[in-house]
Amino acid sequence: MKMKLTKKEVCIVIATYNRANELDKTIGKLMKNDNVPNKIIIVDQSKEDKTKKVFEKYRKKLKINYTHLDLPSISEAKKEGIKKAVKNHKLILILDDDVDLLKDYMDNALKEFNENEKVMMLAGCETRLLNIENKKKIKKIRNFFKKVFFLQYKDSNEFRVIGPYGITESEYVNKDVKSEWMPGFNQFFRREVSNQYTLTLIRGYTVQEDVNFSYRVYKKYGKGSLIITPECKTIHRHSSKER
């Protein structure tokens, strides 16, 4: 019988760039909502030392590692964090520095991984997607033209890849959704898929690197390997700083 995966097998990787205040809030929420993993790896690309001070604040309370990269590149920062994480952890969560994981996120994610070996990667939902009223706010005409030109548009309970620049996403999630791609602000995956993160060096903020990574996993492991679940709730604060 396989041993159950626990928080001891989890490492959170946070790539950050000049967002010390956001990072502080994110780590604080991890502690408050009992979502503390075995280890947190911060990969900092900041020009200032404020982020390192956040690390110093938490280093006696948590198992936390700090690395600084001189070159600002979200893809390189994530690769660096993943490389460190996979050495001693079976599960890695790539988390944006402006995201709150709500209570029971970690427990519900572990339950999904333990109960379904087919699931290689999962993502939690923003709370706005759990509200059925969100359905009524979708602008149908604009959505139609996005669909015609293969751009990102809203689709009922679908997260599909439809072209080099096009993806669909659901406007409302009330059950586990078998997906073809994962939103990058919280990508939780098994160590075995880490080698699919193969982006070459790209400076600065990278558009759709999250889609690139997760779609590679989908193509290799097939339908049902990626799950978006409403059981893992998040609040994405969508900080605009340094974007």
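Since the model is a prediction, treat every value here as computed from it, not as a measurement. (Residues numbered from 1 in each chain as written. Predicted model: local features only at pLDDT ≥ 70, side-chain atom pairs only at ≥ 80, totals over all residues. Heavy atoms only, no water.)

Here we look at the packing of helix 1 (residues 20–32) against helix 2 (residues 50–58)
Interhelical geometry of helix 1 versus helix 2 gives an angle of 20° and a closest axis separation of 8 Å. The orientation of helix 1 relative to helix 2 falls into the category roughly parallel. Remark: the crossing between helix 1 and helix 2 carries right-handed chirality. Judged by residue contacts, Ala20, Leu23, Asp24, Ile27, Gly28 and Met31 of helix 1 engage Lys50, Thr51, Val54, Lys57 and Tyr58 from helix 2. (Axes fitted to C-alpha atoms, helices over the stretch in contact; angles between N-to-C directions. Helix = DSSP H or I, 4+ residues; strand = E, 2+ residues; numbered from the N terminus. Parallel < 35°, antiparallel > 145°, perpendicular 65-115°, else oblique. Left-handed = near helix turned anticlockwise from the far one by under 90°. Contact = heavy atoms within 4.5 Å.)

Digging into helix 6 (residues 209–221)
For helix 6, spanning 13 residues, the distance from its first C-alpha to its last is 19 Å, which sits close to the expected 18 Å at 1.5 Å a residue. Listed as buried for helix 6 are Glu209, Asp210, Val211, Phe213, Ser214, Val217 and Tyr218. Structurally, helix 6 contributes buried residues whose contacts are with helix 3 (74–85), strand 4 (91–95), strand 6 (121–126), strand 10 (186–190) and strand 11 (226–236). One or two steps after helix 6, the chain reaches Gly222, where phi turns positive at roughly 85°. (Expected span 1.5 Å × (residues − 1). Buried < 20%, exposed > 50% of the residue type's maximum accessible area, 1.4 Å probe, protein only.)

A closer look at the pairing of strand 4
Across the five residues of strand 4, five count as buried, placing the element largely inside the fold. Residues Leu91, Leu93 and Leu95 point to one face of strand 4 and Ile92 and Ile94 to the other, with burial holding for every one of them. Note: strand 1 (residues 10–16) against strand 4, four bridges, orientation parallel. When the bridges of strand 4 are listed, Ile12 appears paired with Leu93. Bridge count for strand 4 against strand 10 is five bridges, and the pairing is antiparallel. Across the sheet, the residue bridging to Leu95 is Asn186, located in strand 10. (Pairing = 2+ DSSP bridges.)

Some details on the confidence of the model for the chain
The predicted coordinates should not be examined in detail at positions where pLDDT is low. Averaged over all residues, the pLDDT of the chain is 84; the fraction at 70 or higher stands at 77%. Note on residues 141–151: pLDDT is under 50 here. Beyond four places in sequence and across chains, it has 14 contacts. (pLDDT = per-residue confidence, 0-100.)

Here's the deal with unusual backbone geometry
One non-glycine residue with positive phi stands out, namely Asn18, at about 55°. The phi angle at Asp104 is positive, at roughly 75°, despite the residue not being glycine. By the secondary structure assignment, Asp104 is in the loop between strand 5 (99–101) and helix 4 (105–115). Judged by relative accessible area, Asp104 falls into the partly exposed class, the value being 37%.

Re the nonpolar core
One finds Ile12, Ile27, Ile40, Ile42, Leu95, Leu122 and Phe188 to be the most contacted residues of the largest nonpolar core, which totals 32 residues. Of all the elements, helix 4 adds the most residues to this core, at five residues. In contact with Leu95, not counting residues within four places along its chain, are Ile12, Val13, Ile14, Ala15, Thr26, Leu30, Leu101, Phe185 and Asn186. One finds Ile41, Ile74, Ala85 and Leu226 within the second-largest nonpolar core, a separate group that totals 27 residues. (Core = buried A, V, L, I, M, F, W, Y, C linked by side-chain atoms within 4.5 Å.)

A word on the pattern of salt bridges
Applying the stated criterion across every chain yields a total of twelve salt bridges. A salt bridge links Arg19 to Asp98; the shortest N-O distance between them is 3.6 Å. Separated by 79 residues along the polypeptide, Arg19 in the loop between strand 1 and helix 1 and Asp98 in the loop between strand 4 and strand 5 bring together distant segments of the chain. Comparing Arg19 with Asp98, the two get one shared label, buried. With its nearest N and O atoms 2.4 Å apart, the salt bridge here joins Asp100 to Arg237. In this pair, Asp100 is assigned in strand 5 and Arg237 in the segment after strand 11, connecting sequence segments 137 residues apart. Look at Asp100 and you get buried, because its relative accessible area is 7%. With relative accessibility at 23%, the residue Arg237 sits in the partly exposed group. (Salt bridge = Lys/Arg side-chain N within 4 Å of Asp/Glu carboxyl O.)

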